[in-house]
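Working through the structure, step by step
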Amino acid sequence: MASQKSFATAFGVICTFLSARPPYCTRTYPVSPEQLTLFYGCDGSNLNRIGLAKATSQELDKLDAALQPATFGVNNENVYAEFYHKAGKMDPPEFATSFDVEDLDLLDFVSQGC
């Protein structure tokens, strides 16, 4: 009986906390187009960049062409089946962004509750 009361008390505290301040942000944060540049390429002779804020269809097609097929797990093996799951991937060493969390003060914004 005491454990049910302590559970109910703890549950009530959690509900009150979450309703007063949800554990996520729901706002948008202004970012300049210069912060939204993606650099990509897998070797020094084929480097590219795209401004994600104002990308053209041709630029997006070029980015799409640079992606490698992404596999998914089926029966404990990696499978690529374009007819079922067409997805591309780019490994971290193959891309970088100009997005700088510290420069934007985004960490302070989030830590203050957005």
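Refer to the structure above for everything that follows.
The present account deals with the structure reproduced in this document. Everything numeric here is computed off the predicted structure, so don't read it as measured data. (Residues numbered from 1 in each chain as written. Predicted model: local features only at pLDDT ≥ 70, side-chain atom pairs only at ≥ 80, totals over all residues. Heavy atoms only, no water.)

Another aspect to go through is the sheet that holds strand S2 (residues 48-51). Judged by pairing direction, the sheet is antiparallel, and its three strands sit side by side in the order S2-S1-S7 without closing on themselves. One side of each edge strand has no neighbouring strand; the edge strands of this open sheet are S2 and strand S7 (95-97). Sheet twist, expressed as the average angle between the axes of neighbouring strands with direction ignored, equals 20 degrees. The pairing of strand S1 (residues 37-40) with S2 spans four bridges and is antiparallel. Bridge assignment links Thr37 to a residue of S2, and that residue is Gly51. Along the sheet, helix H2 (residues 57-66) contacts S1 and S2; its crossing angle with S1, the most-contacted strand, is approximately 40 degrees. (Pairing = 2+ DSSP bridges. Helix = DSSP H or I, 4+ residues; strand = E, 2+ residues; numbered from the N terminus. Axes fitted to C-alpha atoms, helices over the stretch in contact; angles between N-to-C directions. Contact = heavy atoms within 4.5 Å.)

The next subject is the side chain of Gln35. Topologically, Gln35 is positioned in the loop between helix H1 (2-20) and S1. A distance of 3.0 Å separates polar atoms of two side chains, one belonging to Gln35 and the other to Asp103. Once residues lying within four places of it in the same chain are set aside, the contact partners of Gln35 are Ser98, Phe99, Asp100, Asp103 and Leu104. (Polar contact = N/O pair within 3.5 Å; in protein donor to acceptor, adjacent residues only side chain to side chain.)

Before going further, it helps to examine unusual backbone geometry. A positive phi angle, near 60 degrees, is found at Asp105, a position not held by glycine. Exposure remark for Asp105: the relative accessible area of 44% places this residue in the partly exposed category. (Buried < 20%, exposed > 50% of the residue type's maximum accessible area, 1.4 Å probe, protein only.)

Scanning the entire structure with this criterion turns up one salt bridge. The shortest N-O distance in the salt bridge between Lys89 and Asp91 comes to 3.6 Å. The exposure class of Lys89 is partly exposed, given its relative accessible area of 37%. When its relative accessible area of 34% is taken as the criterion, Asp91 is described as partly exposed. (Salt bridge = Lys/Arg side-chain N within 4 Å of Asp/Glu carboxyl O.)

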